[in-house]
Amino acid sequence: MNGAGSPDDIAASAQMRDAKQYLQMHSDRTGFNVYDHLTDLVASLLDKRPKNPADAFEGVSSQIKRQRFALDALHAPLGFKKVHDLTPAHTEVHKLAALLQSAAKTIEENATGGGADDGAGQVPDILDLAALFETAGISLGKQETLLLTLSVHALVKDQGLTSARFWGKVTATHGAYYIVEAEGCPPEETDGEEGAAGSGSEGSGGTGKVIAGEEGEDPIAMTIEMPEFEGFPQPKKPVPKALPKEEGTGCNKYTYFVCPSLGDAWTRLPDISPSHISTARTVRKQLVGDLKRNITAHPQFIGTEAHYLRAQIARITAATVVCPAGYYTFDPEAQDDEHPELNTALILNAEYEVLPNEAMQHLDNWVHQMPYVLPQGRTVWVNPIPPKEEGGEENGAGGQGEDGEDGGDGAGDGEDDESGDATGGGTDHDVEPEAGPALLTPVTEDTSLAPSVPAWSVRPTSRLMPAKFSATHLRSNRWPGAHAVYYNGKFACMYVGDGLKELGGVPLAMPAIPPLATEYKLRANAPAEYLAAGRLVEQNDPTVEDEKRHEEMLKEREDDAQPDEGDAEPANE
């Protein structure tokens, strides 16, 4: 025998080979084959050895299939592509999850001793205050309040703030702004490029201007003779200079952060300047919801919606942040007898006695906690006219300031050397200093909105319960949305509105458009034909013949001016 198999064995081997090839055929959909699946299935059964392999067969088979199918892969067979859910509900869930994880991490760090001290980053109990406001009918909703609490604590931790409180919510046409008032922020960074442009390009007292050559070469030695500059004529009226903003005091005593949706990143609003506040009083604009949008209005508001929102926050804060009478008192160490308007430092009154809820239903027991913003946009008045230097020249004629109609700003530090005398003196053009209500003035002295509409309304939150169990609700009629609540010594203020002031039925008085620029005014020494016509007279262009005659005349004058050679006098020896 030659060792070759019988025909039956050859046929059986061919059938086995064909069957194996058939079982190894890959699926067009999954890319797998039955042979490999059965191999893994038998190996898994022998490895795990379940009690009833026949009953566990299908389960093990399904488990092996699931392990092979990576549904998150880009081209997973029989899998579905993972599509991100962008619905508002799904987005809010992710924001809430991120805030909860951050809060849990903070709690864990504090428990292990690696977190911040308990005294750092003081935040009022927002949930407790929300329940107090809810008794007055003011609520953001329980879910939104929880998100707000977590978000404010995360802001305090990330920014390293010393204290923060929820200021309020300002609605816009496309969303809303959640606003937090904070202390302990580093000073705002300012660009040092102002005043650098154009410096050193030309001398102020030179007699010529050097024309530079090409890049990399020395300036061309060519000088154009120019008459010496004698200075601009002195203005008949003093030019007001731009008012400086208050640094760390007044309207800029606190720093404000905003976010369009709870869970998003907080944005720091810029410090406010007096011109923004004074212009905002003459503008009535609905917020859109985009901090980078330019404000288009008359008078022109130079800034974005972030500046306009910051100006409205300053106005609302000065007019509506109130406290019980006697709760604060002036700091005797920071008292200034010469300038009482500078006394804006408040401290807690150690002798304060908690007033009952019934007493807080009288407006006399409510006082303003923030200083009044003057029409010039500051809480401490400064002279807009620069003082005269020695020699009778005005010092620094800057840009023109703007006047407003109402006020409210923060405390000043009394250092107003850059803006003139804070009392209004020191110049030949004395300006009447602006003044407003003093700090801790009762709200009863506020101007009424109308003869029958007071500036404030007060009521108990419930008429069915005894007064000691019913909180007191104070509401501003001039700034709809500004609320204050008081309950047995605990009080808080919050604003929820559109950021617009109630005009009391009087239409907004828009300033008139400035007059158009007048034509050139003729001087007394102008040519007679100009004075006779009362205006500038257009001259005809000279012809070629006129230009030739003019050149010949100039040449004759030059020849007559030159002395003859025979007329030259001998030099003295």
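Each remark here, short or long, concerns the structure printed above.
**As for the overall build of the protein chain**
Then step 1. Check the secondary structure of the protein chain and you find ten helices and 14 strands.
Then step 2. Across the 573 residues that make up the protein chain, the buried fraction comes to 31%.
Then step 3. Nonlocal contacts in the protein chain, meaning residues at least 24 apart in sequence, comprise 64% of its contacts between residues at least 6 apart.
Then step 4. Split by element, the accessible area of the protein chain, about 37,800 Å² in all, is 53% carbon and sulfur.

**A word on helix H6 (residues 142-159)**
Then step 1. Taking 1.5 Å per residue as the helical rise, H6 with its 18 residues ought to reach 26 Å, and the 26 Å between its terminal C-alpha atoms agrees with that figure.
Then step 2. Within the span of H6, buried status applies to Glu144, Thr145, Leu147, Leu148, Thr149, Leu150, Ser151, Val152, Ala154, Leu155 and Val156.
Then step 3. If you follow the buried residues of H6, they end up packed against helix H4 (88-112), helix H5 (126-135), strand S1 (163-172), strand S2 (175-183) and strand S5 (255-259).
Then step 4. Phi turns positive one or two residues past the end of H6, at Gly160, with a value near 65°.

**A short note on the layout of surface pockets**
Then step 1. Of the voids in this model, the largest pocket is the one considered here, and its volume is about 1,300 Å³.
Then step 2. Breaking the lining of the largest pocket down by element, the ones donating at least two residues are H5, H6, S1, S2, strand S9 (346-348) and strand S14 (490-497).
Then step 3. No other element matches H5, which puts eight residues into the lining of the largest pocket.
Then step 4. Considering only residue class, the lining of the largest pocket consists of 30 nonpolar, eleven polar and nine charged.

**Section: the environment of Gly534**
Then step 1. When you line up the elements, Gly534 lands in the loop between helix H9 (528-533) and helix H10 (544-561).
Then step 2. We classify Gly534 as exposed; its relative accessible area is 54%.
Then step 3. On a C-alpha basis, the gap between Gly534 and Lys521 in space is 9.0 Å, while along the polypeptide they are 13 residues apart.

**Some words on a nonpolar patch on the surface**
Then step 1. Where nonpolar side chains cluster on the molecular surface, the patch consists of Val34, Leu38 and Phe57 and spans about 230 Å² of accessible area.
Then step 2. The exposure class assigned to Phe57 is partly exposed, which follows from its relative accessible area of 36%.

**Re empty space enclosed by the protein**
Then step 1. In total, this model carries four cavities of 30 Å³ or more according to the counting rule given.
Then step 2. Looking at the largest cavity, its volume works out to about 100 Å³.
Then step 3. Lining the largest cavity are 13 residues, with Arg281, Val283, Arg284, Arg315 and Lys501 sitting closest to its centre.
Then step 4. Here the element with the most residues in the lining of the largest cavity is helix H8 (residues 305-320); it accounts for three residues.
Then step 5. Here the lining of the largest cavity is built from residues that sort into six nonpolar, two polar and five charged.

**Structural notes on the environment of Met494**
Then step 1. Inspection of the secondary structure puts Met494 in strand S14.
Then step 2. Relative accessible area serves as the criterion here: at 12%, Met494 is assigned to the buried category.
Then step 3. Considering only alpha carbons, one finds Met494 and Lys169, 325 residues apart in sequence, at a separation of 8.3 Å.
Then step 4. Setting aside anything within four residues of it in sequence, one finds Met494 in contact with Phe133, Ile138, Phe166, Trp167, Gly168, Gly481, Ala482 and His483.

**Looking at the side chain of Asn477**
Then step 1. By secondary structure assignment, the location of Asn477 is in the loop between strand S12 (472-476) and strand S13 (482-487).
Then step 2. Taking relative accessible area as the criterion, Asn477 reaches 12% and is therefore assigned buried.
Then step 3. From its side chain, Asn477 meets the backbone oxygen of Pro454 in a polar contact 2.8 Å long.
Then step 4. With sequence-adjacent residues up to four places away left out, Asn477 is seen in contact with Leu449, Val453, Pro454, Ala455, Trp456, Ser457 and Glu502.

**Quick notes on the packing of aromatic side chains**
Then step 1. Considering all chains together, one arrives at six aromatic pairs under this definition.
Then step 2. The interplanar angle of 85° and the centroid separation of 4.9 Å between the aromatic rings of Tyr327 and Tyr328 together place this pair among those described as edge-to-face.
Then step 3. Here the aromatic rings of Trp366 and Tyr486 are separated by 6.3 Å at their centres, their planes lie at 85°, and the arrangement is edge-to-face. Here Tyr486 lies in strand S13 and Trp366 lies in strand S10 (residues 366-368), a separation of 120 residues in the sequence.

How each quantity is defined
Residues numbered from 1 in each chain as written. Predicted model: local features only at pLDDT ≥ 70, side-chain atom pairs only at ≥ 80, totals over all residues. Heavy atoms only, no water. Helix = DSSP H or I, 4+ residues; strand = E, 2+ residues; numbered from the N terminus. Buried < 20%, exposed > 50% of the residue type's maximum accessible area, 1.4 Å probe, protein only. Contact = heavy atoms within 4.5 Å. Areas by Shrake-Rupley, 256 points an atom, 1.4 Å probe, with all protein chains shown as cover. Expected span 1.5 Å × (residues − 1). 1 Å grid on protein atoms, 1.4 Å probe; cavity = no way out; pocket = protein on both sides within 12 Å on 5 of 7 lines; lining within 4 Å. Points joined across faces, edges and corners; volume = space filled by probe spheres on them. Nonpolar A, V, L, I, M, F, W, Y, C, P; charged D, E, K, R; others polar. Patch = residues over 30% accessible without salt bridge, like charges linked within 9 Å, V, L, I, M, F, W, Y side chains within 5 Å. Salt bridge = Lys/Arg side-chain N within 4 Å of Asp/Glu carboxyl O. Polar contact = N/O pair within 3.5 Å; in protein donor to acceptor, adjacent residues only side chain to side chain. Phe/Tyr/Trp six-rings, centres within 6.5 Å; stacked < 30°, edge-to-face > 60°.

In short, geometric facts, not functional conclusions.
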